[in-house]
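Per-entry structural report
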Amino acid sequence: MSMIGEYLRVTAAELDRTIQNPQWALDLAEEIQDAEDVSKPTPAETRHFSTYKTWDLLRFLLSRAGFPVDVIHGEEPFTEEEWGYGAPKYLRAERVRLAAEALRTTSYDQLIAGADPAELTRAEVYPLGWDEPESLAWARSWYDGLTRFFEAAADTDDAMLVWLD
């Protein structure tokens, strides 16, 4: 079984409803995921985004860079119920805007500059297997997609639900 980083863009009204009724939010997330699995929108058009198994590598690199927002785990809990691996959290719209700006101004090349695959292995970064120097390039397309996803959410003043599934 894999651990996958998951995101859902929500409006202010949807975030309020999520906080009041987390089960409604889980149902909404599943409904949107199912619909978008069929329609295949771009990261800028989608309401659901996944960083696949790159979430922990991105966590490690963003933390190492002193990133100002926890875009990998979210920041504020809204339920204790698990949505896969742990409880989901959210980012308010202002934190999404800050994250979008930081993602836009931090290239993937900047994130991996000076990173050593052996350092990832020592830190037990999921999913392991960091033996080759080119392994750091693996998450580039997901990082680029995450950046476009956050930029689109910031443009529409959306909040974000974040969880590992």
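Read on for a plain summary of the structure. (Residues numbered from 1 in each chain as written. Predicted model: local features only at pLDDT ≥ 70, side-chain atom pairs only at ≥ 80, totals over all residues. Heavy atoms only, no water.)

Here the focus is helix α1 (residues 12-20). Residues that lie three or four places apart on an α-helix share one face, since the helix turns once every 3.6 residues. Among the residues of α1, E14, L15 and T18 are the ones counted as buried. Looking down the long axis of α1, one finds its buried residues gathered within 100° of arc, a one-sided arrangement. Away from its buried face by more than 90 degrees, α1 exposes A12, A13 and Q20. Its buried side turned inward, α1 meets β1 (5-10), α2 (22-39), β4 (89-91) and β5 (159-164). (Buried < 20%, exposed > 50% of the residue type's maximum accessible area, 1.4 Å probe, protein only. Helix = DSSP H or I, 4+ residues; strand = E, 2+ residues; numbered from the N terminus. Arc of directions from axis to C-beta. Contact = heavy atoms within 4.5 Å.)

We now examine the side chain of E36. Mapped onto the elements, E36 comes out in helix α2. The buried charged residue E36 lacks any salt bridge, with R47 as its nearest oppositely charged partner at 6.1 Å. At a separation of 2.9 Å, a polar atom in the side chain of E36 contacts the main-chain amide nitrogen of R47. What E36 contacts, discounting residues up to four positions off in sequence, is P41, T46, R47 and H48. (Lys, Arg positive; Asp, Glu negative; His and termini not counted. Salt bridge = Lys/Arg side-chain N within 4 Å of Asp/Glu carboxyl O. Polar contact = N/O pair within 3.5 Å; in protein donor to acceptor, adjacent residues only side chain to side chain.)

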